[in-house]
Amino acid sequence: MSSTKTKIGNYEFQNCLMNAAGVYCYNREELEKIINSEAGSFVTKTATLNIREGNPSPRYYDTNLGCINSMGLPNLGFDYYLGYLLELQKTMPECTFFFSLVGLSQEETHILLKRVQESEFKGLTELNLSCPNVPGKPQIAYDLETTEKLLTEIFNYFKKPLGIKLPPYFDMVHFNQAAEVFNKFPLTFINCVNSIGNGLVINDETVVIKPKNGFGGIGGEYIKPTALANVHAFYQRLKPSIQIIGTGGVLTGRDAFEHILCGASMVQIGTTLQKEGPEVFKRITEELKAIMEEKGYKTLEDFRGKLKYL
Ligand code: SIN
């Protein structure tokens, strides 16, 4: 019987599939649905210091090949998610969860991470360096100088396991430059990729979402080749202690298999989870296991990162 168990850092997960930040993770009711599904863990909605309403609606739109969204980090605030995570640590001590966060300024990011450091939180923290949807705020990880400075400051005081959520990169030189920066730090993981930022979807003659005159992050089937390229490019370049979470374009077990083949240790599902609901984890786990069994793979390690070249 094939197993989809996996590890990130020193933490074990019964299944390598989980939600992507932004989907089914706004409040505890949604997160409970992920806990009660076949997912191996959950990540919270990216928390900011204070509660945010996010951008005006409509701000999410499904298309045949995926979605466009410009949510603008609506969330219930840092304390809400930390409180819930600390509660779960007591009631489900055997499980590990991910806490996604970012400040609206570097100062705010330091406040959040210092609070995590001082708290009893024992799980994994994911710093979101890639939200494309807050008007006036750049996707931080496209500015590698700022990213290096930020990570240098963070690792002066942050001693818990930390990962970063990245935007997609599109150039070999950028893969090299980004990997050189990330390799300088004791990161536990990177997560590739957030949505492809600032796409446009048009219906007849009009945009389909309100914020930023229709510009928004693109997710779903459109982005799988870009996501796989990012996972594999960083798998080839990062020191082995930095693991990779693969996110983007996972509709089927075959898509999850490809992310793992490219080097992912865990696979997140966003758009497909939004469209199908948490039952998606059972379907995709079964499809992934069927592929593994057909190929004679018992564990993810049998094929993780073993993409073949011509
Ligand atoms: C959003 O809230 O706008 C989406 C989250 C993200 O892209 O990081």
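Residues numbered from 1 in each chain as written. Predicted model: local features only at pLDDT ≥ 70, side-chain atom pairs only at ≥ 80, totals over all residues. Heavy atoms only, no water.

**Section: the environment of Thr 48**
On the secondary structure map, Thr 48 appears in the loop between helix H1 (28–35) and strand S4 (60–63). Along the primary structure Thr 48 and Val 102 are separated by 54 residues, whereas in three dimensions their C-alpha atoms are 5.6 Å apart. The contacts of Thr 48, once residues within four sequence positions are left out, are Leu 73, Asn 75, Gly 77, Phe 78, Val 102, Leu 104, Glu 108 and Leu 112. Among the polar contacts made by the side chain of Thr 48, one reaches the main-chain carbonyl oxygen of Asn 50 at a distance of 2.8 Å. At 2.9 Å, the side chain of Thr 48 and the side chain of Asn 75 are in polar contact. (Helix = DSSP H or I, 4+ residues; strand = E, 2+ residues; numbered from the N terminus. Contact = heavy atoms within 4.5 Å. Polar contact = N/O pair within 3.5 Å; in protein donor to acceptor, adjacent residues only side chain to side chain.)

**Overview of the sheet that holds strand S9 (residues 189–192)**
Where strands meet in a sheet, backbone hydrogen bonds hold them as pairs that are either parallel or antiparallel. A sheet is described by the order of its strands in space; here 7 strands give the open sequence S3-S15-S14-S9-S8-S7-S6, paired in parallel fashion. Strand pairing shows two members of the sheet lacking a second neighbour, strand S3 (17–19) and strand S6 (98–101), which therefore form its edges. Ignoring which end each strand starts from, the neighbouring axes of this sheet average 25 degrees apart. As judged from the 4 bridges shared by S9 and strand S14 (residues 243–247), these two strands associate in the parallel manner. Pairing of Asn 191 across the sheet is with Ile 245, part of S14. Packing of helix H9 (residues 280–295) onto the sheet brings it into contact with S3 and strand S15 (266–269), and relative to S3 it is tilted by some 155 degrees. (Pairing = 2+ DSSP bridges. Axes fitted to C-alpha atoms, helices over the stretch in contact; angles between N-to-C directions.)

**Some thoughts on the site of the ligand**
Taken together, Lys 45, Asn 69, Met 71, Gly 72, Leu 73, Pro 74, Asn 128, Cys 131, Pro 132, Asn 133 and Asn 194 form the complete shell of residues around the ligand. Within the backbone of Gly 72, an N or O atom sits 2.8 Å from an oxygen atom of the ligand. In the model, an oxygen atom of the ligand is placed 2.8 Å from a nitrogen or oxygen of the Asn 128 side chain. In the complex, 94% of the free accessible area of the ligand, which totals 260 Å², lies under the protein chains. The site holding the ligand turns out to be the largest pocket. When its residues are assigned to classes, the shell around the ligand shows 5 nonpolar, 5 polar and 1 charged. (Near = heavy atom within 4 Å. Areas by Shrake-Rupley, 256 points an atom, 1.4 Å probe, with all protein chains shown as cover. 1 Å grid on protein atoms, 1.4 Å probe; cavity = no way out; pocket = protein on both sides within 12 Å on 5 of 7 lines; lining within 4 Å. Sits in = over half its atoms within 2 Å of the grid points. Nonpolar A, V, L, I, M, F, W, Y, C, P; charged D, E, K, R; others polar.)

**Quick look at helix H7 (residues 253–261)**
Of all 9 residues in H7, 8 are buried; the element is thus mostly enclosed. Buried within H7 we find Gly 253, Asp 255, Ala 256, Phe 257, Glu 258, His 259, Ile 260 and Leu 261. Where H7 begins, one side-chain oxygen reaches toward the backbone nitrogen of Arg 254, 3.3 Å away; that side chain belongs to Thr 252. At the exit of H7 stands Gly 263, carrying a positive phi of roughly 125 degrees. (Buried < 20%, exposed > 50% of the residue type's maximum accessible area, 1.4 Å probe, protein only.)

**Details of the pairing of S9**
Here S9 shows two buried faces, one formed by Phe 189 and Asn 191 and the other by Ile 190 and Cys 192. Bridge analysis of strand S8 (residues 162–166) against S9 gives 4 bridges, and the strand direction is parallel. Residue pairing across strands places Gly 163 opposite Phe 189, the latter belonging to S9.

**Overview of unusual backbone geometry**
In this chain, Ser 57 is followed by Pro 58 through a cis amide linkage whose omega measures 0 degrees. Here the bond from Cys 192 into Val 193 is cis, since omega is 10 degrees, no more than 30 degrees from zero. With respect to the helices and strands, the residue Val 193 is situated in the loop between S9 and strand S10 (196–200). Although it is not a glycine, Asn 198 adopts a positive phi angle of roughly 60 degrees. Take Asn 198: it is sitting in strand S10. Despite not being glycine, Asn 213 has its phi angle at roughly 50 degrees, a positive value. Mapped onto the elements, Asn 213 comes out in the loop between strand S12 (206–207) and strand S13 (215–220).

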